[in-house]
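An overview of the molecular structure
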Amino acid sequence: MAIKYWEFEDAPLKDKMKSPNVKEIAKIFFDNETEAYRFGRLLLEVKKGGRLRLKDIPSEIPIATAKRYLDYAVQIGLIKHEANAYELTDRYSHPLRNIATYIKAWMDSSAEEDLEAEFANARMEKQRKRGGRMQSDAADDATANRL
């Protein structure tokens, strides 16, 4: 995701709210211009028709690609998939507000946290070296060069 937080602070957001467009939404989720265009085009088609079926996909977007993008939009909560059609939904705004509230509460709390207990299954040590020159070989080469 490419969320540029400063674009959604109060002052810039007020300017953007004057003329919202699908480009801004698509650019949040995709950095690539082509991917953002396809995602935005599909969201716009869902918005225009109220619902979109895979057989009604625009001809310039492959059906398999459209399905992948639409399923991603369902996964993130922008649209819903029911009765073989995709429709707009509002499952996105309230949870995002809750996330912001939770993060703010964490910032304000002064409780001690034990990350090793919280992430008990995480690997905590450095990874072993998997390639390149071995450490002992480099030391041998250094002594050979001095002679």
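Located above this text is the structure these notes cover.
Residues numbered from 1 in each chain as written. Predicted model: local features only at pLDDT ≥ 70, side-chain atom pairs only at ≥ 80, totals over all residues. Heavy atoms only, no water.

**Some thoughts on the packing of aromatic side chains**
In this structure the tally under the stated criterion is 7 aromatic pairs. When the ring centre of Y69 is taken as origin, the NZ or CZ atom of R68, which lies over that ring, is 5.5 Å away. (Phe/Tyr/Trp six-rings, centres within 6.5 Å; stacked < 30°, edge-to-face > 60°. Lys NZ or Arg CZ within 6 Å of the ring centre and 35° of its normal.)

**Regarding the environment of K47**
Mapped onto the fold, K47 is located in helix α3 (residues 33-49). Residue classification places K47 among the exposed residues on the basis of a relative accessible area of 59%. Spatially, the C-alpha atom of K47 lies 7.7 Å from that of E87, the residues being 40 residues apart in sequence. (Helix = DSSP H or I, 4+ residues; strand = E, 2+ residues; numbered from the N terminus. Buried < 20%, exposed > 50% of the residue type's maximum accessible area, 1.4 Å probe, protein only.)

**Focus: the packing of helix α2 (residues 22-29) against α3**
Axis separation between α2 and α3 bottoms out at 8 Å; the angle between their running directions is 130 degrees. It follows that α2 is oblique to α3 by the angle criterion. The handedness of the crossing between α2 and α3 comes out as right-handed. Contacts from V22, I25, A26, K27 and F29 of α2 reach α3 at E33, A36, F39, G40 and L43. Classifying every residue of the contact of α2 with α3 by side-chain character gives 7 nonpolar, 1 polar and 2 charged. (Axes fitted to C-alpha atoms, helices over the stretch in contact; angles between N-to-C directions. Parallel < 35°, antiparallel > 145°, perpendicular 65-115°, else oblique. Left-handed = near helix turned anticlockwise from the far one by under 90°. Contact = heavy atoms within 4.5 Å. Nonpolar A, V, L, I, M, F, W, Y, C, P; charged D, E, K, R; others polar.)

**A look at unusual backbone geometry**
Even without being glycine, A83 reaches a positive phi, approximately 55 degrees. Examined against the element boundaries, A83 turns out to sit in the loop between β2 (79-82) and β3 (85-88). For A83, a relative accessible area of 62% gives the class exposed.

**As for a negative patch on the surface**
On the surface, E112, E113, D114, E116 and E118 cluster together into a negatively charged patch. Mapped onto the elements of the fold, E118 is located in helix α6 (residues 115-118). (Patch = residues over 30% accessible without salt bridge, like charges linked within 9 Å, V, L, I, M, F, W, Y side chains within 5 Å. Areas by Shrake-Rupley, 256 points an atom, 1.4 Å probe, with all protein chains shown as cover. Salt bridge = Lys/Arg side-chain N within 4 Å of Asp/Glu carboxyl O. Lys, Arg positive; Asp, Glu negative; His and termini not counted. Charge placed at Lys NZ, Arg CZ, Asp CG, Glu CD.)

**Quick look at a nonpolar patch on the surface**
Side chains of I99, Y102, I103, W106 and M107 sit close together on the surface and give an oily, nonpolar patch of about 610 Å² of accessible area. Here I99 lies in helix α5 (residues 93-108). Classification of I99 by relative accessible area gives partly exposed; the value is 48%.

**Re the sheet that holds β2**
On the basis of which strands lie adjacent, the open sheet formed by 3 strands has the order β1-β3-β2 and antiparallel pairing. The open sheet has two edge strands with one neighbour each: β1 (51-52) and β2. Sheet contacts for helix α4 (residues 63-76): β1, β2 and β3; angle to β2, the most-contacted strand, approximately 110 degrees. (Pairing = 2+ DSSP bridges.)

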